[in-house]
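# Summary of structural features
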Amino acid sequence: MNKAGQLITLCFGASIFVGCTANLVSEERKESWVEYENSAKLTALPLSNSVKWHTKSKEYQLITQGVYQRAEQQLPVVALQNEPWVVVMDVDETVLDNSQYQVMIDQTGGHYTSESWANWIAAKKATLVPGAAEFMKKVYSLGGKVALVTNREKSLDAYTWENISALIPATFENTCLLGRTQADKDAIDEHSIINDKDLRRQQLTSGNLDCFSTQAVLPSWQKAHTIVMQIGDNIEDVNKITQENADIKALGERLNKSIFILPNAMYGSW
């Protein structure tokens, strides 16, 4: 009997089939990712220039650390004293470095698929973007919170949380993880909701949030929060902005004050 079959038998025997089904899916995804890694080692095709720059250059590390240092210096300026405040951050290539996923794609001659991406997330092998951990710790120390607004699917939030919380002292009280749902896409109306992260940002300011948690209720998040800063690797990590409507002059006036943009030449909305 293969490993999947053994797990199914154990699940039925323990009478906790639902929970075990989730574990089984997780194990299958992890095994799929290991197979992908082994395939990459066998083929080892050359890396694209963008992936090579991201994974090997000292410039990338220097730039990301510099962006986070400037953001950290700005925190005391924007931090609020008498109301809940939050920094909104993207996850991929902002907090978590997924460049090894891109390496696997290059080395196998493949391309992005939702299945391989889900397997990568379940493997929880992403590392930290240089400077991210120190910045988030500074937010916490000043009494602020972090909202992680990611376009990873919400069904994968548990893996994302485990990956991040193993690297950063994030708790359900100081960090709200918000994966994407179909509702985020459907809400786009080109007026109040411009991109598929805007709905979640609105919910953050209204106190109507669905943060990932293994606890039943998170009272500290069920109140209106003021967004004081937004950080991401894509222009759409800024509220009500898309590649098409971005006003660079207007954004430039906010750059390094309330918005901070990290480099990512591997992929994006462009």
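For the structure itself, consult the block above.
Thresholds, definitions, all that
- Residues numbered from 1 in each chain as written.
- Predicted model: local features only at pLDDT ≥ 70, side-chain atom pairs only at ≥ 80, totals over all residues.
- Heavy atoms only, no water.
- Disulfide = S-S within 2.5 Å.
- Helix = DSSP H or I, 4+ residues; strand = E, 2+ residues; numbered from the N terminus.
- Buried < 20%, exposed > 50% of the residue type's maximum accessible area, 1.4 Å probe, protein only.
- Axes fitted to C-alpha atoms, helices over the stretch in contact; angles between N-to-C directions.
- Left-handed = near helix turned anticlockwise from the far one by under 90°.
- Contact = heavy atoms within 4.5 Å.
- Nonpolar A, V, L, I, M, F, W, Y, C, P; charged D, E, K, R; others polar.
- 1 Å grid on protein atoms, 1.4 Å probe; cavity = no way out; pocket = protein on both sides within 12 Å on 5 of 7 lines; lining within 4 Å.
- Points joined across faces, edges and corners; volume = space filled by probe spheres on them.
- Pairing = 2+ DSSP bridges.
- Right-handed = clockwise from strand over helix to strand, strands pointing away.
- Core = buried A, V, L, I, M, F, W, Y, C linked by side-chain atoms within 4.5 Å.

### Observations regarding the state of the cysteines
With the rule as written, the count across this model stands at one disulfide. Disulfide pairing is shown between cysteine 176 and cysteine 211; the S-S distance is 2.0 Å. One quick way to see it: the torsion about the S-S bond of cysteine 176 and cysteine 211 is about -100 degrees, and its sign makes the bridge left-handed. Taken as a pair, cysteine 176 in strand β5 (residues 175-180) and cysteine 211 in the loop between α10 (198-206) and β6 (226-232) lie far apart in primary sequence, 35 residues in all. No difference in accessibility class separates cysteine 176 from cysteine 211, as the two residues are buried.

### Here's the deal with the packing of helix α3 (residues 49-56) against helix α5 (residues 99-108)
Two elements in contact, α3 and α5, have axes whose closest approach is 10 Å; the angle formed by their N-to-C orientations is 145 degrees. Between α3 and α5 lies a crossing whose hand is left-handed. Contacts between α3 and α5 involve Val51, His54 and Thr55 from the first element and Ser99, Gln100, Gln102, Val103 and Asp106 from the second. Broken down by class, the residue content of the contact of α3 with α5 amounts to two nonpolar, five polar and one charged.

### Comments concerning the layout of surface pockets
Each pocket or cavity is described by its volume, and for the largest pocket that value is around 620 Å³. If you go around the largest pocket, you meet 24 residues; those closest to its centre are Asp92, Asn151, Arg152, Arg180 and Tyr267. The dominant element in the lining of the largest pocket, judged by the number of residues it contributes, is strand β4 (residues 145-153), at four residues.

### Re the pairing of β5
Across the six residues of β5, six count as buried, placing the element largely inside the fold. Across the two faces of β5 the burial is the same, with Thr175, Leu177 and Gly179 and Cys176, Leu178 and Arg180 all buried. Of the pairings in the sheet, the one linking β4 to β5 comprises five bridges and is parallel in character. Across the sheet, residue leucine 148 finds its bridge partner in β5, namely leucine 177. With helix α8 (residues 157-165) bridging β4 and the parallel β5, this β-α-β connection has right-handed handedness.

### A closer look at the nonpolar core
Among the nonpolar cores identified, the biggest contains 58 residues, and Val87, Met89, Phe135, Met229 and Ile231 are the most heavily contacted of them. Residues in contact with phenylalanine 135, not counting those within four places in the same chain, are Tyr68, Ala71, Glu72, Leu75, Val87, Met89, Met229 and Ile231. With five residues, the next largest nonpolar core counts Ile235, Val238, Leu251 and Ile259 among its residues.

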